[in-house]
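Survey of secondary and tertiary structure
What follows is each chain in one-letter form.
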Amino acid sequence: MIGHRGASGFGVYPETKHPSYFASIGLPLEEPLVATLQANELTHRGDPVFIQSFETANLRKLDGMIDVRLVQLMDASGSPYDFTAAGDRRTYADLASAAGLRWVAGYADGVGLNKNLIVPRDAAGKLLAPTAVIRDAHREKLLVHAWTFRAENQFLPADYRIGTDPNARGDITAEYELFFGLGLDGVFTDQPDTAVAARAGL
């Protein structure tokens, strides 16, 4: 993950995959994860650790177990599985609303967003107007990270593609500049060198 602000360095950013499922078979993820972090003296908010999850219940549980930073992942469609299992009708879009982000801020320190939640695209892949999600998240003191930035044309908005070869490299720098210009705090990328270069040029 490449950050927009702050000191550079190395850290860990684990994702708890399918926590509801593992809890249902008697193998909860939270306890061994916390034990591993404690064994490595990574337990405080200032330590270089983020824990991310697409579900909410395990992050809320972790919030009471350890003081590292927690990040609520949100996709551009669908719902957290723990919501579905509990009959909660809220979706990721609901969590990305101003009210939803206020609720998320009660247990998390940041959000990890599908970048289409920040700048949507039309059916042809062209960029639409940015949403208010970064502004709303920052109002709740939440960091905002986005995923996943890739340099190939097939992954870029149509606005930033160069040529017609889907595997050719497009103008990934322009995409970074757009998102960093909106206030994005960090990115997940397949080509970290491109993100570092774009950040350095701001």
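The notes below deal with the structure included here. (Residues numbered from 1 in each chain as written. Predicted model: local features only at pLDDT ≥ 70, side-chain atom pairs only at ≥ 80, totals over all residues. Heavy atoms only, no water.)

A word on a nonpolar patch on the surface. Together, Tyr-21, Ile-25 and Leu-27 line one region of the surface with nonpolar side chains, adding up to about 300 Å² of accessible area. Looking at where Leu-27 falls in the secondary structure, it is placed in the loop between α1 (19-24) and α2 (30-39). (Patch = residues over 30% accessible without salt bridge, like charges linked within 9 Å, V, L, I, M, F, W, Y side chains within 5 Å. Areas by Shrake-Rupley, 256 points an atom, 1.4 Å probe, with all protein chains shown as cover. Salt bridge = Lys/Arg side-chain N within 4 Å of Asp/Glu carboxyl O. Helix = DSSP H or I, 4+ residues; strand = E, 2+ residues; numbered from the N terminus.)

Right, let's talk about the pattern of salt bridges for a bit. Within the structure shown, the criterion is met by 13 salt bridges. Of the charged contacts, one joins Asp-88 and Arg-90 as a salt bridge, the two residues approaching to 2.7 Å between their closest N and O atoms. Judged by its relative accessible area of 24%, Asp-88 is partly exposed. Note that Arg-135 is salt-bridged to Asp-136, the shortest N-O span being 3.0 Å. Among the ionic contacts, a cluster of salt bridges with common partners joins Glu-30, Glu-31 and Lys-61. (Buried < 20%, exposed > 50% of the residue type's maximum accessible area, 1.4 Å probe, protein only.)

A few words on helix α9 (residues 192-200). Along α9, the positions that sit buried rather than exposed are Thr-194, Ala-195 and Ala-198. Looking straight down α9, one finds its buried side chains confined to an arc of 100 degrees; they lie on one side. Set apart from the buried face of α9 by more than 90 degrees, the exposed residues are Asp-193, Ala-197 and Ala-200. (Arc of directions from axis to C-beta.)

Where helix α8 (residues 172-181) contacts α9, the two axes come as close as 9 Å, and the packing angle between them is 55 degrees. By the angle class used here, α8 and α9 are oblique. Remark: the crossing between α8 and α9 carries right-handed chirality. Along its contact with α8, which presents Ile-172, Thr-173, Tyr-176 and Phe-180, the element α9 presents Thr-194, Ala-195, Ala-198 and Arg-199. The residue inventory of the contact of α8 with α9, partitioned by class, reads five nonpolar, two polar and one charged. (Axes fitted to C-alpha atoms, helices over the stretch in contact; angles between N-to-C directions. Parallel < 35°, antiparallel > 145°, perpendicular 65-115°, else oblique. Left-handed = near helix turned anticlockwise from the far one by under 90°. Contact = heavy atoms within 4.5 Å. Nonpolar A, V, L, I, M, F, W, Y, C, P; charged D, E, K, R; others polar.)

What follows covers α8. Of the positions making up α8, those classed as buried are Ile-172, Ala-174, Glu-175, Tyr-176, Phe-179 and Phe-180. Gly-183 sits one or two positions beyond α8 and adopts a positive phi of about 105 degrees.

Any functional reading would require information beyond the geometric quantities listed.
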